[in-house]
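# Architecture and fold: a report
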Amino acid sequence: MSGVLTETVEPGDLKKFEKIYHEQLYKNDVTPKAQFEYAWCLVRSKYPADIQKGIILLEDLYKTHEEGQRDYLYYLAIGTARLKEYTKALNYVRSFLLIEPGNQQVIGLQQTIKKKMEKEGLVGMAMAGGVVLAVGAIVGVGMAIASKVKS
């Protein structure tokens, strides 16, 4: 299931759906299908700006197009998790599970997100601990030098 968070879109697919979306946007007549397919590609991009744009398009669809809300929530969860916004991603997962409680794919996504949170939380705490130790060492050395200068 972690592959869904690392899978990237093929550049040809992104260009294809981007072209369709922009053609419809130019005519001021974007279909939910065209907007979803473009957003679906964007949230699978390797570029955070693309992922963010995909999230915006999906959020718009979620608010305005009731028919595909399950899919919108799923890809909103993936997009926000790819941006490391894990709390927001879990909120989307929970919303999905209210609609369809037994969906194994979404339950698997939820577990993957929680594992990433734990892993990155531990790494973050280790880095913070390292910074505290380094600052403590610098302060200690500074105090030692200051006391030698006074003597």
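Here, the structure is the one placed above.
To keep things clear, this report deals only with the structure shown in the data block. Note that the structure is predicted; figures quoted are calculated from it, not measured.

### Some thoughts on the overall build of the protein
Along the protein, the regular secondary structure elements total seven helices and zero strands. Listing each helix as α and each strand as β along the protein from the N terminus yields α-α-α-α-α-α-α. Burial status across the protein gives 34% buried among its 151 residues. Expressed as a percentage of contacts within the protein between residues at least 6 apart in sequence, the contacts between residues at least 24 apart total 54%.

### Here's the deal with the nonpolar core
In terms of nonpolar packing, the biggest core is built from 35 residues, with Leu-58, Tyr-74, Leu-109 and Ile-113 touching the most fellow members. The set of elements that each furnish at least two residues to this core consists of helix H1 (3–6), helix H2 (11–26), helix H3 (32–42), helix H4 (48–64), helix H5 (69–82), helix H6 (86–99) and helix H7 (104–150). Among the elements that take part in this core, H5 stands out by supplying eight residues, more than any other. Excluding its chain neighbours within four sequence positions, the residues that come into contact with Tyr-74 are Val-4, Phe-96, Gln-105, Val-106 and Leu-109.

### Some remarks on the packing of aromatic side chains
Summed over all chains, the structure comprises five aromatic pairs. Judged by centre distance (5.9 Å) and plane angle (65 degrees), the rings of Phe-36 and Tyr-75 are edge-to-face. Of this pair, Phe-36 sits in helix H3 while Tyr-75 sits in helix H5, placing them 39 residues apart in sequence. In terms of burial, Phe-36 and Tyr-75 fall into one category: buried.

What counts as what
Per chain, residue numbering runs from 1 following the sequence as it is written. The predicted origin of the model limits local features to residues at a pLDDT of at least 70 and limits the giving and counting of side-chain atom pairs to 80 or more, whereas totals for whole chains, interfaces and linings rest on all residues. As a rule here, side-chain values come from all non-hydrogen atoms in the structure, and water together with hydrogens is ignored. A helix here means a DSSP run of H or I that spans at least four residues, while a strand means a run of E at least two residues long, and both kinds are numbered starting from the N terminus. Buried residues are those whose accessible area, probed at 1.4 Å on protein chains only, stays under 20% of the maximum for their type, while exposed residues exceed 50% and partly exposed ones sit between those limits. It only takes one pair of heavy atoms within 4.5 Å for two residues to be counted as in contact. Definition of nonpolar core: a set of buried residues of the types Ala, Val, Leu, Ile, Met, Phe, Trp, Tyr and Cys, connected through side-chain atoms within 4.5 Å. Classification of ring pairs uses Phe, Tyr and Trp, with its six-membered ring standing for Trp, and accepts pairs whose centres are within 6.5 Å; under 30 degrees between planes counts as stacked, over 60 as edge-to-face, and the remaining range as tilted.

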